[in-house]
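Here is how the chains run, residue by residue.
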Amino acid sequence: MRILGVPLDRGSLYRPGAAQAPDALRKLSAIFAPVSEHAELFNELTVRDDGNVALVEGDMGANVDSVADEIFKTAPGTLPIVLGGDHTTVSPTLIAQQKRLNGKLSVLYIDAHPDLNDVSRHTRWSNGCALRRGLELGEIEPPKVTLLGCRDYDWDEIQFIRRTGITLITAATAHGWTGTQLADEIGSRIGSDALHISLDIDSLDPAYAPGTGVPSAGGLTSRELLDFLRQLRGVRLAGLDVDEVAPPLDTGHITSLAALKFIFEFLGMVKIGAS
Ligand SMILES: [Mn+2]
C-alpha cells in the first residue's frame, strides 16, 4: 500500500476546505489500531506514506499530468490510496490506474453526484466534471463505471449516463440492497478487470458526514457502505481514492473519522482479498 495526498480544493467552487484533508487524516489516523471492524489484524500489511504530491498554483487542470505521473510510479503489486483534496483528485488517479493496469480497469464511483459534466460553473475542472475528465483523459470506456449512492444530478449528466451505458445505482436503490446484491452486480460486470474504488465522502448521508463541500440529504448510512465494501472482498482491487472531506466544515471530526474508518476497512479488504 502506498498513501499519497493531493491537497488541492480548487475544484470545490461552492465550499472549499478539502485541501486540508490529507494532513488532517494523517494526524487522526493514530486513533485507529491496525485492525478491521471484524477484529482482523493487519499484521501482514505494509503501508507506506509518501506524503503529499507537489502542486503548482492553479486548478487540477494545471496539475493533472504531474499528479498522474506520481501515482503511476506506484510499484506493480502495490495499491495506491490517494487522499484528496476535492474529487478532481480522481481524474489523475484514473489516468494513472488505467495505465498501470493496461486498460484492465473497472471503476466503482461512490458519490452523491456523478461528476459527469463537461463544463460546470464555467470550468472543465470543477469537481462536477471530475469523473468525465478522468474517463476522457484515461481513455476508460464508460460501461466500465458503476455509480453508487447518487441522488443529485445535472440534466447533462443524466443524458451522458443514458447515452454511454454507465451503470447507475442510486442511493434510494442501494438503500434496499444487501451487500451481496451489490457484489453480484459489480462482479457480473468487471470480468478479469481490477476494481478501483473512488469514494466521495458525500455519498454518506450528511448525518454521517457533515463536513463536506456539497452535502446532500438521503444518502447512504455508514453501516450500509461498510457492508457493501465487505461484500466486495472477493474482487481484485486496484486502489482507492477518498475525497471531499473538508475539515474546516466538519464538526467533532465526524467526517474525517468516517473517512478513516473506510480506509481501514479497505486495508482489511486487501488483506483478505486477492491482492
Ligand atoms: Mn460528490
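Because the structure is a prediction, the values reported are computed rather than measured.

S.K.: Please provide a residue-by-residue account of the overall build of the chain, values included.
M.R.: Within the chain one finds 9 helices and 8 strands. Its C-alpha atoms give the chain a radius of gyration of 17 Å, within 12% of the compact-globule value 19 Å for 275 residues. On the principal axes, the C-alpha backbone points of the chain span a range of 50 × 40 × 40 Å. Relative to its full complement of 275 residues, the chain shows a buried share of 49%. Considering only contacts in the chain between residues 6 or more positions apart, those separated by 24 or more positions represent 78%.

S.K.: Before we move on, could you go through helix 4 (residues 130-138) and cite the residues and values that matter?
M.R.: In terms of burial, helix 4 is a largely internal element, 7 of the 9 residues being buried. Three or more residues of helix 4 are buried, namely A130, L131, R132, R133, G134, L135 and G138. Where helix 4 is buried, its residues meet helix 3 (90-100) and strand 4 (105-110). Remark: E139 follows helix 4 within two positions and exhibits a positive phi of approximately 55 degrees.

S.K.: Before we move on, can you summarise the packing of helix 7 (residues 179-190) against helix 8 (residues 222-231) with the specific residues and values?
M.R.: Here helix 7 crosses helix 8 at 50 degrees, and the two axes come no closer than 8 Å. In terms of axis orientation, helix 7 runs oblique to helix 8. The chirality of how helix 7 crosses helix 8 is right-handed. Every residue of helix 8 that contacts helix 7 at G179, T180, L182 and A183 is listed here: D227, F228, R230 and Q231. Here the contact of helix 7 with helix 8 is composed, by residue class, of 3 nonpolar, 3 polar and 2 charged.

S.K.: Lay out the environment of A172 with the relevant residues and their values.
M.R.: Its place among the elements puts A172 in helix 6 (residues 171-175). A residue is classified by how many C-beta atoms lie within 10 Å of it, and A172, with 11 of them, is exposed. On a C-alpha basis, the gap between A172 and F42 in space is 34 Å, while along the polypeptide they are 130 residues apart.

S.K.: Pulling in residues and values, what's your account of the nonpolar core?
M.R.: Formed by 72 residues in total, the largest nonpolar core has its most connected members in V242, A259 and F262. Ranked by residues supplied to this core, first place goes to helix 9 (residues 254-272) with 8 residues. Among all residues touching V242, those that are not within four sequence positions of it are L83, G84, L199, I201, A259, F262 and I263.

S.K.: Kindly report on the environment of W177, identifying the contributing residues and their values.
M.R.: Secondary-structure assignment places W177 in the loop between helix 6 and helix 7. As a C-alpha pair, W177 and P22 span 155 residues in sequence and 32 Å in three-dimensional space.

S.K.: Go over the packing of helix 2 (residues 60-72) against helix 3, please, and point to the residues and values.
M.R.: For the pair helix 2 and helix 3, interaxial distance at closest approach is 8 Å and the crossing angle is 35 degrees. You can see that helix 2 and helix 3 cross each other, and the crossing is right-handed. Side by side, helix 2 and helix 3 meet where M60, V64, V67, A68, I71 and F72 of the first sit next to S91, P92, T93, I95, A96, K99 and R100 of the second. The residue makeup of the contact of helix 2 with helix 3, split by class, is 9 nonpolar, 2 polar and 2 charged.

S.K.: Could you give an account of the pairing of strand 2 (residues 48-52), with specific residues and numbers?
M.R.: With 3 bridges connecting them, strand 1 (residues 2-6) and strand 2 associate as parallel partners. Of the residues in strand 2, the one forming a bridge with I3 is D49. For the crossover from strand 1 across helix 1 (residues 21-28) to strand 2, the handedness is right-handed.

S.K.: So what's going on with the sheet that holds strand 5 (residues 145-150)? Residues and values would help.
M.R.: A sheet is described by the order of its strands in space; here 8 strands give the open sequence 2-1-3-8-7-4-5-6, paired in parallel fashion. Each having just a single partner strand, strand 2 and strand 6 (167-170) make up the two edges of the open sheet. The sheet shows a mean angle of 15 degrees between the axes of neighbouring strands, direction not considered. Taken together, the 5 bridges between strand 1 and strand 3 (residues 80-84) define a ladder with parallel strand orientation. Each bridged residue has a counterpart across the sheet, and for R2 the counterpart in strand 3 is P80. In this fold helix 3 packs onto strand 3, strand 4, strand 7 (194-200) and strand 8 (237-243), with an angle of close to 170 degrees to the strand it touches most, strand 8. Here helix 7 sits on the sheet in contact with strand 4, strand 5, strand 6 and strand 7, set at roughly 150 degrees to strand 4.

S.K.: Which residues make up unusual backbone geometry, and what values do they have?
M.R.: The step from G84 to G85 runs through a cis peptide bond, and the omega angle for that step is 20 degrees. Mapped onto the elements of the fold, G85 is located in the loop between strand 3 and helix 3. The backbone phi angle of A39 is positive, close to 65 degrees, even though this residue is not glycine. Mapped onto the secondary structure, A39 falls in the loop between helix 1 and strand 2. Although it is not a glycine, H122 sits at a positive phi angle of roughly 70 degrees.

Scoring rules and cut-offs
- Residues numbered from 1 in each chain as written.
- Predicted model: local features only at pLDDT ≥ 70, side-chain atom pairs only at ≥ 80, totals over all residues.
- Helix = DSSP H or I, 4+ residues; strand = E, 2+ residues; numbered from the N terminus.
- Rg over C-alpha atoms; globule rule 2.2 N^0.38 Å.
- Buried ≥ 20, exposed ≤ 12 C-beta atoms within 10 Å, placed from the backbone.
- Contact = placed C-beta atoms within 7 Å.
- Axes fitted to C-alpha atoms, helices over the stretch in contact; angles between N-to-C directions.
- Parallel < 35°, antiparallel > 145°, perpendicular 65-115°, else oblique.
- Left-handed = near helix turned anticlockwise from the far one by under 90°.
- Nonpolar A, V, L, I, M, F, W, Y, C, P; charged D, E, K, R; others polar.
- Core = buried A, V, L, I, M, F, W, Y, C linked by C-beta atoms within 7 Å.
- Pairing = 2+ DSSP bridges.
- Right-handed = clockwise from strand over helix to strand, strands pointing away.

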